[in-house]
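Listed below, chain by chain, are the residues.
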Amino acid sequence: MNRVLPSFVKFVYIALLACSSFAWANENKLQPTDPAKGSTLYTNGDASRGITACVACHGAAGNSTITQNPKLAGQHADYLYKQLTNFKAKPGAKEPERNNAIMAAFAAQLSDQDMRNVAAHYAAQALTPSAAREKSLVEQGRNIYRAGIAAKGVPACAACHGPAGAGIPAQYPRLQGQYAEYTESQLTGFRQGARANNASMTTIAARLSDTEIKAVSDYIAGLR
């Protein structure tokens, strides 16, 4: 059976996602950044403002050694900036779009310029990739990533994140080499509503089983 979504449906889906990505990028283009200041904040924090060093959780040069914490080296700066803003609750909202107590406390101390500078620092770092480990799930993960699951209305991950997981700035992150455990936790968070900052991902994750999430997460870890 052909697992690829009908070409017209896929075209419309990708077009809608591309439009939202363009709108975000256009809104934030030409904003000044200072990666050097971002590096200082990342490495040392700023005790005078109660900002802890990012390196403690995300590792040297953004290459986390803790599987529950994402590798951020080489990630698109615009995407990282958006995520940091999403950890802050919007005026009138009870909770932020990304609900994480540690990151919410951290982001709350950052100015808009701080967030842009830290994001620029991460983007300039070289990724030390993770690797796929579940051989029994490789084929299933590859099929989901490349072709989606037509019977469930799940589009191919590659449509937005690229064949090699390089992503498309600013909305669609680089996934290649990310810890499988972290990707799995985020997909589960989208499915359960714990992470609510991307409606498309919430819809997609809701259609994936635990095994499917685990399979595609492990496949992503091996992408280069």
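The structure reproduced in this document is the subject of the present report. Chains are numbered independently. Their residues run from 1 in the order of the written sequence. Local features in this predicted model are restricted to residues whose pLDDT is 70 or higher, and side-chain atom pairs enter the listing and the counts only when it is 80 or higher, whereas totals over whole chains, interfaces and linings include all residues. Heavy atoms from the whole structure form the basis of all side-chain values; hydrogens and water molecules are not counted.

## Brief notes about the overall build of the chain
Then, in step 1: Working definition: helices are DSSP H or I runs of at least four residues, strands are E runs of at least two. Numbering for both runs from the N terminus. Along the chain, the regular secondary structure elements total 11 helices and 0 strands.
Then, in step 2: For the chain, the α and β elements follow one another from N to C terminus as α-α-α-α-α-α-α-α-α-α-α.
Then, in step 3: Note on areas: Shrake-Rupley with a 1.4 Å probe; residue coverage comes only from the protein chains shown. For the chain, the exposed surface amounts to about 11,300 Å²; the carbon and sulfur share of it is 58%.

## Some details on the packing of helix 9 (residues 180-192) against helix 10 (residues 199-206)
Then, in step 1: Packing of helix 9 against helix 10 brings their axes to within 7 Å, and their N-to-C directions diverge by 95°. On the basis of the axis angle, helix 9 is roughly perpendicular to helix 10. Each of Leu 187, Phe 190 and Arg 191 in helix 9 lies in contact with helix 10, whose residues at this interface are Met 201, Thr 202, Ala 205 and Ala 206.
Then, in step 2: Charged means Asp, Glu, Lys or Arg here, nonpolar means Ala, Val, Leu, Ile, Met, Phe, Trp, Tyr, Cys or Pro, and polar covers whatever is left, Gly included. By residue class, the composition of the contact of helix 9 with helix 10 is 5 nonpolar, 1 polar and 1 charged. Where helices are involved, their axes are fitted lines through C-alpha atoms of the stretch in contact, as for all axes, and angles between N-to-C directions lie from 0 to 180°. By the definition adopted for this analysis, an angle is roughly parallel if under 35 degrees, roughly antiparallel if over 145, roughly perpendicular if from 65 to 115, and oblique otherwise. Contacts are assigned to residue pairs that have any heavy atoms within 4.5 Å of one another.

## With respect to empty space enclosed by the protein
Then, in step 1: Both site types are read off a 1 Å grid over the protein atoms alone. A 1.4 Å probe that fits but cannot get out defines a cavity, while an open set with protein on both sides within 12 Å along at least five of seven lines defines a pocket; lining residues have an atom within 4 Å of a point. Grid points are joined across faces, edges and corners, and a volume is the space filled by probe spheres set on the points. Within the structure shown, the criterion is met by 1 cavity of 30 Å³ or more.
Then, in step 2: Estimates place the volume of the largest cavity at around 40 Å³.
Then, in step 3: Lining of the largest cavity is provided by Lys 71, Ala 73, Gln 75, Leu 127, Arg 174, Gln 176, Gly 177 and Gln 178.

## Section: the packing of aromatic side chains
Then, in step 1: When two rings of Phe, Tyr or Trp (its six-membered ring) have centres within 6.5 Å they constitute a pair, described as stacked for plane angles under 30 degrees, edge-to-face for angles over 60, and tilted for the intermediate range. In total, this model carries 2 aromatic pairs according to the counting rule given.
Then, in step 2: With a centroid separation of 5.1 Å and 80° between ring planes, the pair formed by Tyr 42 and Tyr 122 is classed as edge-to-face. With Tyr 42 in helix 2 (residues 35-44) and Tyr 122 in helix 6 (residues 112-123), this residue pair connects regions lying 80 residues apart in the sequence.
Then, in step 3: Plain terms: the ring middles of Tyr 145 and Tyr 219 are 5.7 Å apart, the flat faces sit at 50° to each other, and that makes the pair tilted.

## A look at the nonpolar core
Then, in step 1: Think of a nonpolar core as a cluster: buried Ala, Val, Leu, Ile, Met, Phe, Trp, Tyr and Cys residues, connected wherever their side-chain atoms sit within 4.5 Å. Three exposure classes are used, based on accessible area relative to the maximum for each residue type with a 1.4 Å probe and protein chains only: buried under 20%, partly exposed in between, and exposed over 50%. Core analysis: the largest hydrophobic core is formed by 18 residues, its most contacted members being Tyr 145, Leu 208, Val 216 and Ile 220.
Then, in step 2: Top element by residues in this core is helix 11 (residues 210-221). It accounts for 4 residues.
Then, in step 3: Core analysis: the second largest hydrophobic core is formed by 17 residues, Tyr 81, Ala 107, Met 115 and Tyr 122 among them.

## Section: the packing of helix 7 (residues 138-147) against helix 11
Then, in step 1: At a closest axis distance of 7 Å, the pairing of helix 7 and helix 11 adopts a crossing angle of 85°. Considered as vectors, helix 7 and helix 11 are oriented roughly perpendicular to each other. Contacts between helix 7 and helix 11 pair Val 138, Gln 140, Gly 141, Arg 142, Ile 144, Tyr 145 and Arg 146 from the former with Thr 211, Glu 212, Ala 215, Val 216, Tyr 219 and Ile 220 from the latter.
Then, in step 2: Residues that form the contact of helix 7 with helix 11 fall into these classes: 7 nonpolar, 3 polar and 3 charged.

## Overview of helix 7
Then, in step 1: Along helix 7, the positions that sit buried rather than exposed are Gly 141, Ile 144, Tyr 145 and Ala 147.
Then, in step 2: Tucked into the core, helix 7 has its buried residues touching helix 8 (158-161) and helix 11.
Then, in step 3: Directly beyond the C-terminal end of helix 7, a positive phi value near 75° is found at Gly 148.

## A word on the pattern of salt bridges
Then, in step 1: Salt-bridge detection follows one rule: a side-chain nitrogen of Lys or Arg within 4 Å of a carboxyl oxygen of Asp or Glu. Enumeration over the complete set of coordinates arrives at 8 salt bridges.
Then, in step 2: Its salt-bridge partner being Glu 212, residue Lys 152 comes within 2.8 Å of it at the nearest N-O pair. Residue Lys 152 is found in the loop between helix 7 and helix 8, and its partner Glu 212 is found in helix 11; the two are separated by 60 residues along the sequence.
Then, in step 3: Lys 152 gets classed as partly exposed once you look at its relative accessible area, which sits at 34%.
Then, in step 4: For Glu 212, a relative accessible area of 11% puts it in the buried group.

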